[in-house]
Amino acid sequence: MNRKYLKLFVFLFIINSITFSLYFSSHPDFFRRLRRTTSDARHSLHQSTFSDHTQLSSSSNSNKPWPILPSYLPWSLNPNTPFRSCEAYFGNGFTRRIDLLTPPPDINRKSLNGGAGAGWFRCFYSQTLRSSICEGGRMRMHPEKIKMSVGGEVLESVIGRSEEEELPEFEFGAFDLEVGEKSKSHGKKLASEGFLNEYMQKGAISRHTMRDLIDSIQLIGANEFECSEWVEEPTLLITRFEYANLFHTITDWYSAYVSSRVTGLPNRPQLVFVDGHCMTQLEETWKAVFSGLRYSKNFSGSVCFRHAILSPLGYETAMFRGLSETIDCDGASAHDLWQKPDNSKTARVSEFGEMIRAAFSLPLHQQHHNSKSRSRNHNVLFVRREDYLAHPRHAGKVQSRLSNEQEVFDALKSWSTGHTECKINLINGLFGHMTMKEQVRAIKDASVIVGAHGAGLTHIVSATPETEILEIVSSEYRRPHFELISKWKGLNYHPIYLGGSHASPPVVINKLRDILKSLGC
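Not measured: the values here are computed from a predicted model.

(A) Quick peek at the overall build of the protein. Check the secondary structure of the protein and you find 17 helices and 21 strands. Here the protein holds 521 residues, and 55% of them are scored as buried. For the protein, the proportion of contacts with a sequence separation of at least 24, taken over those separated by at least 6, is 76%. As displayed, the protein has an accessible area near 23000 Å², and 51% of this comes from carbon and sulfur atoms.

(B) Local environment of the nonpolar core. Counting residues in hydrophobic clusters, the biggest one holds 67 residues, and the most contacted among them are Phe 90, Trp 253, Phe 352 and Ile 449. Apart from the residues within four sequence positions on either side, Ile 449 is in contact with Leu 381, Val 383, Ile 443, Leu 457, Ile 460, Ala 463, Thr 467, Glu 468, Ile 469 and Leu 470.

(C) Geometry of unusual backbone geometry. With a phi angle near 60°, Arg 84 is a residue other than glycine that sits in the positive phi range. Within the secondary structure, Arg 84 is located in the loop between helix 3 (39-47) and helix 4 (86-90). The backbone phi angle of Ser 361 is positive, close to 60°, even though this residue is not glycine. If you trace the backbone, Ser 361 turns up in the loop between helix 13 (348-359) and strand 17 (377-383).

(D) Structural view of the packing of helix 14 (residues 405-417) against helix 17 (residues 505-518). With their axes 9 Å apart at the nearest point, helix 14 and helix 17 run at an angle of 45° to one another. In terms of orientation, helix 14 and helix 17 fall into the oblique class. For the pair helix 14 and helix 17, the sense of crossing is right-handed. Contacts between helix 14 and helix 17 involve Glu 407, Val 408, Ala 411, Leu 412 and Trp 415 from the first element and Pro 505, Val 508, Ile 509, Leu 512, Arg 513 and Leu 516 from the second. Its residues assigned to classes, the contact of helix 14 with helix 17 shows nine nonpolar, no polar and two charged.

(E) Representation of the sheet that holds strand 12 (residues 292-295) within the structure. As summarised here, the arrangement of the seven strands in space is 1-2-3-14-10-11-12, forming an open sheet in which the pairing is mixed. Two strands bound the open sheet, and with one partner strand each, they are strand 1 (96-101) and strand 12. On average, each strand axis in the sheet is tilted by 20° relative to the strand beside it, whichever way the strands run. The pairing of strand 1 with strand 2 (residues 120-126) spans five bridges and is classified as antiparallel. When the bridges of strand 2 are listed, Arg 97 appears paired with Phe 124.

Criteria and thresholds
- Every chain's residues receive numbers from 1 upward, in the order its sequence appears when written.
- The model is predicted, so local features are restricted to residues of pLDDT at least 70 and side-chain atom pairs to those at 80 or more, both for listing and for counting; the totals for chains, interfaces and linings are taken over all residues.
- The side-chain numbers reported here are obtained from all heavy atoms of the structure, hydrogens and water having been left aside.
- By definition, any uninterrupted DSSP run of H or I lasting at least four residues is a helix, any uninterrupted run of E lasting at least two residues is a strand, and each is numbered from the N terminus.
- Each residue is assigned to one of three classes by its accessible area relative to the maximum for its type, calculated with a 1.4 Å probe on protein chains only: buried under 20%, partly exposed between the two thresholds, exposed over 50%.
- Note on contacts: a residue pair qualifies if any of its non-hydrogen atoms lie within 4.5 Å across the two residues.
- Areas reported as accessible are Shrake-Rupley estimates using a 1.4 Å probe. Residue values count occlusion only from the protein chains shown.
- As used in this record, nonpolar core signifies buried Ala, Val, Leu, Ile, Met, Phe, Trp, Tyr and Cys residues forming a set joined through side-chain atoms within 4.5 Å.
- Only C-alpha atoms enter the line fits that serve as axes; for helices the fit covers just the stretch in contact. Angles between N-to-C directions range over 0 to 180 degrees.
- In what follows, roughly perpendicular refers to angles from 65 to 115 degrees, roughly parallel to angles under 35, roughly antiparallel to angles over 145, and oblique to any angle outside these ranges.
- Left-handed is the label given to a crossing in which the near helix is rotated counterclockwise from the far helix by less than a right angle, and right-handed is the label when the rotation is clockwise.
- Polar here means any residue outside two lists: the nonpolar Ala, Val, Leu, Ile, Met, Phe, Trp, Tyr, Cys and Pro, and the charged Asp, Glu, Lys and Arg; Gly therefore counts as polar.
- Note on pairing: DSSP must find at least two bridges between two strands before they are called paired.

Given below as structure tokens:
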């Protein structure tokens, strides 16, 4: 009997070995892909593209690690990424590298991590987005040379402050980079007008603050490079415009996320807001997604960054560009794209939404038995528009996009209570009374998300794959924001177009009934 068990064990072991051998021979990239899901491997991958005389600081242990995301695909630079492909729009289309400052050849690796004359600066340009992600080492900021309000104040304390006061104006030398004593560039600008016009294009932006920041960078000698404070961890420098609006803030989040991935950061970076905006509720997500947050005026003196990354304006992301140019990309699963790459599909927006959910410690994987299409229990989230004080120039009143919103909500509530095929939980999405984590959780748990056109619907970037989107679109606000995000995530989008701003409750109920039928109710 023991011999029979031994033979059975050996037989099963051989079968197992053959199965594993066949699998790995047909998936030669398996281990490489597995390694890339770890932050240290991604950093090593990025560093392999550096020239021998360039090295980033590895002092990033205090930063949060990257979570493992189901929709993650490698961000390694591919020079052959097709122009205006989905990867060029949403992923790493920053394929052209421009070195503006490299350390002299006599600087060794040890001095690069702390010695004199080791400053460096380069940009990665996307022809598709007409945008650049730039980064530099041994960069110094002088907050007193940036004209703007302090920033980070409680909203109620700065009521009436103008936007002009909050946007930065940079003196020449507001930022500087260290060069060797033998360099002939002392006192000169880092970037020429020609460089700025080609790689930091203004476009339709009347005031391109990131271009202005780069234009202010001065080259100085090592004997002048003194710092009141050193920031050792990789740090994103960010300037914001419509910082209190969720849609525009999500474009800033996306730009910061892409900048972190394209530059191969091993962990989630620190943030410095180079603007003078006051605090908003949206800072909760900034702090959750990244490792820390400070305002530039909060530094008491000159501050030096071992590694600074300049995040492009949110206006330059695909999410914003898509409002004025055609970005014909369909959402797809990362698994499918890994097996069969397709330039007309993307999983990047889903990856980004998972990053937000992971930042709030919310589940990323939908359990098979809890699949929304198989469930008899559905959350229908009605995203409401309500009055709130958004910024110092705001009167506290939001413009109505659905004049009879309460009537529609009450009708849906009454109908859902009597629904017999499935249990329908109608969620009153009063986001102004919820934390950002509670808002993202409500989005994650919803089978159907309903709402009039408004910034709150931008949260659908964090929706799970089977979520249905029902937008009530008034005649005055017939804009493609949420139809596009749904498309780029692969979500089913159902619009109800109104002749004005008044919706017929029976029409909304019938549309919702049809959607729930498609889910098996």
